[in-house]
Amino acid sequence: MLGSWRDNLKGWLRGGRSSSAARQEKLAELFSQFQRVLRLNNRVLDRIADMGTKLGGGYIFDRHYIETACAELSEMVYRMISALNAMSHNRYPELYDAFRAIDHQIQQELAGRVAIPHAEYVMPYDSLGADFVEVVGGKNANLSEVRNQVGLPTPDGFAVTTSAFQDWLEEGGLEEEIALVLARWQRGELSPEETARLVRERLLATPLPRRLEHALRAAAERLVRRLPPARRRLALRSSAVGEDGELSFAGQFRSLINLPPEEVPRGYREVVASLYSPEALVYRRDKGFSEQEVAMAVACQELIPARVSGVMYTQDPRDLQREAVLINAVWGLGGAVVGGEVLADQYLVARRAPYASLGVDIVRKSRRLVPRPQGGTEMVPVPEELQSASCLNPDQVRRLAQAGIMVEKHFKRPQDIEWAIDDRDRLYILQARPLNLGPRMAGLVKDISKVLESYPVIFRHRGSVAQEGIGAGRVFLVRDEADLERFPDQAVLVARHSSPRLARVMRRAAAVLTDLGSPTGHMATLAREYRVPAIVGTGVATRLLAPGQEVTVDARQNVVYAGLVKELTYYELGEESFAETYEYRLLRRVLRKIAPLNLIDASSPDFTPRACTTFHDITRFVHEKAVQELIHGDFSRLSQAGGARKRLQCGVPLELVLIDLGDGLEPEAVGPVVRPQQVASLPLRAFVEGLGRPGLWSTDSVPVDFKSFMSSLTRTFAFSLAGPRYLGQNLAVISRHYANVTLRLGYHFTMIDAYITAEANDNHAYFRFLGGVTDLRRRSRRASLLERILARNDFRVEVRGDLVVARIKKLAREQMEARMRLLGYLVAYTRQLDVKMTNDQEVARAVEEFQRLQEAAERGLDPAI
Amino acid sequence: MDEEKLNILILDDEPIVVRRLKPALEKMGYQVETFTKSEDALARIEEKDFHIVITDLKMEGVDGMTFLTRVKERSPATEVIVITGFATMATTRESFQKGVFDFLAKPFKIAEMQQTVQRAAEKVRQGWARRD
């Protein structure tokens with residue numbers, strides 16, 4: 001693709017037109033490094049996108065795939081850094097450090113050691129997810145997943161990791177001592193009670209490592225500072241590894257409620273000691289858990305001052321045939337209902353929207369658990385008028401069921417949920433863990449393949465599964481924003497295009513189906529994050545599905561059935577979820593070191609090698625700096641000295657620096673400034689013709705709404721909205737048949753690489769566009785606009801998020817030139833569009849407008865075309 | 001062989017592969033047995049002929065190639081689908097010479113495997129039709 005410039009360079013060197021052959025050789029070498037960066041950059045981004053799609057569940061892969069993909073990626077990133085340093089007199093040695101740090105973490109993950117950055121002792125909930133279960137335990141992992149992915153309110157808090165536990169044991173010399181005590185118990189020399197007492201005494205007598213003590217105090221202080229003064233009380237709960245997973249360990253460990261922040265280090269030791277309670281010891285022995293596997297993480301959370309709290313089972317375990325959510329509720333804190341100390345009101349609710357009430361049982365509740373002012377909790381009498389009143393009103397019951405089903409859909413298992421509602425009627429999820437009905441659920445379905453044969457299939461194997469899973473509900477067609485407003489809970493979302501704007505309602509959708517779209521797009525990424533079953537690019541969904549029709553989407557087998565296939569939904573709840581597999585978690589964890597892009601604004605002082613924390617960051621940094629080297633570094637100086645560097649003046653507000661590798665300019669172009677008609681490079685000439693056509697540069701000032709203006713400001717972004725000049729960041733490296741054009745439009749570079757000769761087979765053009773200012777939705781509107789226009793003009797287009805890559809090749813010279821003019825129009829037309837495109841109708845309108853302008857421009861150019 | 005349900009044997013030393021393939025194929029109405037140790041799978045095919053065998057090519061212990069050779073010797077009518085992490089041209093050619101039905105490189109789409117199995121199943125059923 002990018003190879004043909006070499007021939008030009010060779011020819012140019014042989015010709016020896018310039019004074020110094022050595023200089024030319026150096027120029028050629030530098031440009032070749034630049035080309036290497038570009039090629040690697042594309043391959044790295046491809047590979048990252050590819051790894052991301054594997055999380056959707058549509059693929060089968062093993063550890064070997066993850067290892068190979070990481071190794072290849074790591075090598076490519078390393079080579080990019082080398083190429084940049086080769087261009088720049090080794091100006092960026094720190095990149096190797098950043099690379100080594102990231103690569104080391106990935107290697108640690110692959111070796112089975114969960115790499116927490118800097119072996120952290122505490123990790124705030126906002127940075128956690130289910131893939132950290134090995135270091136933060138089940139309770140923390142599940143709850144942060146509910147908070148960050150399902151998007152339901154949970155107490156704010158942080159996890160104390162298993163590293164903290166291990167370091168405490170190690171530094172206190174406790175490991176061996178505990179092992180000895182446990183060995184005596186296993187030999188039958190000690191009772192569980194004696195064992196527990198010995199271990200506990202030993203633990204409580206051992207101080208925490210100073211660094212850990214400090215980390216706990218600091219994290220607790222930070223947490224309470226985020227809370228209103230009246231609510232600065234905390235709760236400490238166990239979050240043992242293995243707890244809240246397949247085995248619940250329910251009620252085995254200690255929780256401490258209503259602590260001031262300074263009590264956290266002491267409380268931490270208490271909770272950890274409960275890992276060795278008599279009940280826990282016996283439970284582990286009975287379940288075949290090895291004591292070596294035992295590791296305790298702890299949850300430290302804000303205490304929710306609950307008016308009502310309770311437990312919810314998203315499927316009533318007493319009767320699986322009846323599809324009902326079971327809710328227990330008491331006044332005050334929930335410890336009492338969990339511990340079974342008081343009677344609770346009971347509510348049965350339908351599992352499907354609108355969550356109709358199936359039964360209510362109100363009991364007399366004479367006592368409730370409340371926080372004591374001096375710390376801890378106490379049971380107090382319930383005021384007379386509340387004793388026989390229902391703890392929950394119908395709206396609260398409905399909201400609880402809705403939240404429960406959302407959590408269940410995410411984890412793909414019926415859930416056992418602890419919840420609380422505060423004085424201001426806010427609902428919090430305190431804990432979520434699988435309700436183990438697995439074998440019983442699956443047992444409800446005798447022979448799934450036979451059952452499935454009896455349901456009518458609407459369509460099968462159309463499009464790609466973006467996220468696996470089963471979802472059933474009524475079809476709701478989304479055509480515009482207004483439809484989104486009306487989206488009913490647990491409906492099947494059907495849309496023509498896959499678009500991240502659907503994210504707003506996606507978490508409430510039973511499943512998502514689109515006619516168009518790819519599994520590498522933004523929406524697919526979001527579906528994977530939220531784990532909403534999604535099939536994209538079906539081509540037929542909006543045509544074959546009627547609004548209001550009940551359907552079941554099987555985004556595992558890629559089938560859409562008419563009607564509610566109850567057996568399939570049951571079957572799924574009993575099946576192993578892909579997200580519970582080790583390979584899924586491993587891939588998700590390594591991707592955390594690979595895929596996120598933190599370095600966005602190249603003009604920010606934080607745009608440094610040190611700030612690179614992922615491979616994507618490094619890739620972005622290298623690409624940006626490689627272009628800068630080309631424009632300002634040796635390449636530029638050498639070309640200037642050789643007289644090969646010019647400035648193009650083409651009557652539009654865009655400054656383009658030209659570097660001529662040979663025969664790219666007419667002989668008469670001798671001065672520092674070149675006019676369009678003096679450009680001899682075939683691809684550039686056509687591109688500049690397109691760029692300079694009147695009518696396509698929108699001259700009206702762009703109305704920028706306040707939100708995008710602010711988002712620009714906060715990211716210290718200065719020029720995409722400014723218009724007239726682009727900071728001299730635009731560069732074209734050219735020869736007679738070749739052009740590589742880099743345009744600095746907005747945050748990112750638009751890159752065009754083209755080779756045009758009389759021989760159609762050798763011709764190619766490549767267009768790459770990434771990102772811009774403003775929010776995700778608008779950015780991807782621009783991506784979608786580019787996609788449609790380019791596809792209409794015969795380009796093969798791939799869109800991954802807001803990265804658009806378009807390729808065309810092997811057309812005759814005239815047709816290639818027409819495509820280069822098109823790219824010129826497109827650059828002129830789209831440069832400010834993303835701030836303008838406030839809704840999806842704008843995209844369609846812009847496509848039409850562009851086509852009119854394009855046709856007019858082409859007519860003006862040559863009526864024959 | 002049971003004319004109603006087709007039997008499939010899956011052998012891959014990566015447990016994740018067999019664990020995820022099994023339910024995907026069962027849902028299509030096949031009877032599926034899975035193995036992660038080639039010795040066990042080898043023993044099983046001596047007891048029972050399968051309609052379709054899905055095997056990884058590169059494994060610890062008995063090589064995938066040896067395994068599929070034995071499968072074909074014992075039961076030429078069995079259709080074999082090969083999965084592998086790193087397919088070279090040489091191994092591909094060799095396995096096709098042994099009469100392998102098709103080849104899938106890891107990682108693969110579940111849907112791809114389902115379609116491949118479906119095609120293999122059609123061939124098996126056509127074989128019955130010819131015999132009848």
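Remarks on the overall build of chain A
And step 1. Scanning chain A from terminus to terminus reveals 30 helices and 31 strands.
And step 2. Per-residue burial for chain A yields a buried fraction of 51% across its 865 residues.

Some remarks on the overall build of chain B
And step 1. Helices and strands together make up the secondary structure of chain B, namely five helices and six strands.
And step 2. When the helices and strands of chain B are listed from N to C terminus, the series reads β-α-β-α-β-α-β-α-β-β-α.
And step 3. Among the 132 residues that make up chain B, the fraction classed as buried is 37%.

Points about the sheet that holds strand 3 (residues 52–56) of chain B
Residue and element names in this part refer to chain B.
And step 1. Across the sheet, which stays open at both edges, the five strands sit in the order 2-1-3-4-5 with parallel pairing between neighbours. The two strands at the open ends of the sheet, each matched to only one other strand, are strand 2 (31–35) and strand 5 (102–105). Pairwise comparison of adjacent strand axes, ignoring direction, gives a mean angle of 15 degrees for this sheet.
And step 2. Where strand 1 (residues 7–11) lies against strand 2, five bridges are found, and the strand directions are parallel. Bridge assignment links Leu11 to a residue of strand 2, and that residue is Phe35.
And step 3. The sheet contacts of helix 1 (residues 15–26) involve strand 1 and strand 2, and relative to strand 2 the element is tilted by about 175 degrees.
And step 4. The sheet contacts of helix 5 (residues 110–131) involve strand 3, strand 4 (79–84) and strand 5, and relative to strand 4 the element is tilted by about 160 degrees.

Quick notes on helix 7 (residues 174–186) of chain A
Since the α-helix turns once every 3.6 residues, residues separated by three or four places project in the same direction.
Residue and element names in this part refer to chain A.
And step 1. If you check helix 7, its first and last C-alpha atoms are 18 Å apart, about what 13 residues at 1.5 Å a residue would give, namely 18 Å.
And step 2. Within helix 7 the residues assigned to the buried category are Val181, Leu182 and Trp185. Projected onto a plane normal to the axis of helix 7, the buried residues spread over an arc of 95 degrees and lie on a single side. Seen from the buried face of helix 7, the exposed residues on the opposite side, beyond 90 degrees, are Glu176, Ala179, Leu180 and Ala183.
And step 3. Positive backbone phi, approximately 85 degrees, marks Gly188, located one or two places after helix 7.

Comments concerning the packing of helix 25 (residues 682–691) of chain A against helix 28 (residues 813–830) of chain A
Residue and element names in this part refer to chain A.
And step 1. Contact pair helix 25 / helix 28: the axes reach a minimum separation of 7 Å and the direction vectors enclose 40 degrees. Comparing their axes, helix 28 and helix 25 come out oblique. Regarding helix 25 and helix 28, the two cross each other, and that crossing is right-handed. Contacts from Leu682, Pro683, Ala686, Phe687, Val688, Glu689, Gly690 and Leu691 in helix 25 reach Glu817, Met820, Arg821, Leu822, Leu823, Gly824, Tyr825, Val827 and Ala828 in helix 28.
And step 2. Of the residues contributing to the contact of helix 25 with helix 28, the split by class is 12 nonpolar, two polar and three charged.

A short note on the sheet that holds strand 2 (residues 122–124) of chain A
Residues and elements named next belong to chain A.
And step 1. Ordered in space as 2-3-6-4-5, the five strands form an open sheet in which the pairing is antiparallel. For this open sheet the edge positions go to strand 2 and strand 5 (256–259), each flanked by a neighbour on one side alone. Along the sheet, successive strands turn relative to each other by an average axial angle of 25 degrees, direction set aside.
And step 2. In the sheet, strand 4 (residues 234–240) pairs with strand 5 via three bridges, with the strands oriented antiparallel. Following the sheet pairing, Leu236 is matched in strand 5 by Leu256.

So, the nonpolar core
And step 1. Of all hydrophobic cores here, the largest spans 140 residues; its most connected members are A:Phe687 and B:Ile8.
And step 2. Here the element with the most residues in this core is helix 2 (residues 21–53) of chain A; it accounts for 12 residues.
And step 3. When we break this core down by domain, the ones giving at least three residues each are domain 1 (5–113 + 592–628) and domain 5 (643–861) of chain A.
And step 4. Leave out the neighbours within four places in its chain, and B:Ile8 touches B:Leu25, B:Tyr30, B:Gln31, B:Val32, B:Phe50, B:His51, B:Ile52 and B:Ile54.
And step 5. Counting 96 residues, the second largest nonpolar core, distinct from the first, contains A:Tyr121, A:Ala141, A:Val272 and A:Leu392.

Regarding the interface of chain A and chain B
And step 1. Listed by partner, the interface residues are 21 residues for chain A and 19 residues for chain B.
And step 2. Breaking the side of chain A that touches chain B down by element, the ones donating at least two residues are strand 1 (59–60), helix 3 (63–87) and helix 16 (448–453) of chain A.
And step 3. When its residues are assigned to classes, the side of chain A that touches chain B shows seven nonpolar, seven polar and seven charged.

Some points on helix 5 (residues 133–150) of chain A
Residues and elements named next belong to chain A.
And step 1. With 18 residues, helix 5 should reach 26 Å at 1.5 Å per residue; the first-to-last C-alpha distance of 17 Å falls well below that figure.
And step 2. Taking the largest bend as the criterion, helix 5 deviates by roughly 75 degrees, centred on Lys139.
And step 3. Counting buried positions over the 18 residues of helix 5 gives 16, a clear majority of the element.

A look at the pairing of strand 11 (residues 367–371) of chain A
Residue and element names in this part refer to chain A.
And step 1. Taken together, the five bridges between strand 11 and strand 12 (residues 377–381) define a ladder with antiparallel strand orientation. What sits directly across from Leu369, in strand 12, is Met379.
And step 2. Adjacent in sequence and paired antiparallel, strand 11 and strand 12 are bridged by five residues, among which Gly375 carries a positive phi angle near 110 degrees.

Remarks on the confidence of the model for chain B
Residue and element names in this part refer to chain B.
And step 1. Of all residues in chain B, 89% attain a pLDDT of 70 or more, and the chain-wide mean is 86.
And step 2. Here helix 4 (residues 89–97) stands out as the least confident element of chain B, with mean pLDDT 72; strand 1 is the most confident, with 96.
And step 3. With pTM at 0.74, the complex prediction returns an ipTM value of 0.89.

Points about unusual backbone geometry
And step 1. The linkage connecting A:Ala353 with the following residue, A:Pro354, adopts the cis geometry, with an omega of 5 degrees.
And step 2. At the junction of B:Lys106 and B:Pro107, the peptide bond is cis and its omega measures out at -5 degrees in the coordinates.
And step 3. Locating B:Pro107 in the fold gives a position in the loop between strand 5 and strand 6 (108–109).
And step 4. Look at A:Asp794: it is not a glycine, yet its phi comes out positive at around 75 degrees.

Cut-offs applied
Residues numbered from 1 in each chain as written. Chains lettered and ligands numbered in written order. Predicted model: local features only at pLDDT ≥ 70, side-chain atom pairs only at ≥ 80, totals over all residues. Helix = DSSP H or I, 4+ residues; strand = E, 2+ residues; numbered from the N terminus. Buried ≥ 20, exposed ≤ 12 C-beta atoms within 10 Å, placed from the backbone. Pairing = 2+ DSSP bridges. Axes fitted to C-alpha atoms, helices over the stretch in contact; angles between N-to-C directions. Contact = placed C-beta atoms within 7 Å. Expected span 1.5 Å × (residues − 1). Arc of directions from axis to C-beta. Parallel < 35°, antiparallel > 145°, perpendicular 65-115°, else oblique. Left-handed = near helix turned anticlockwise from the far one by under 90°. Nonpolar A, V, L, I, M, F, W, Y, C, P; charged D, E, K, R; others polar. Core = buried A, V, L, I, M, F, W, Y, C linked by C-beta atoms within 7 Å. Domains from an automatic or database assignment. Bend = angle between axes of the 7 residues up to and from the residue. pLDDT = per-residue confidence, 0-100.

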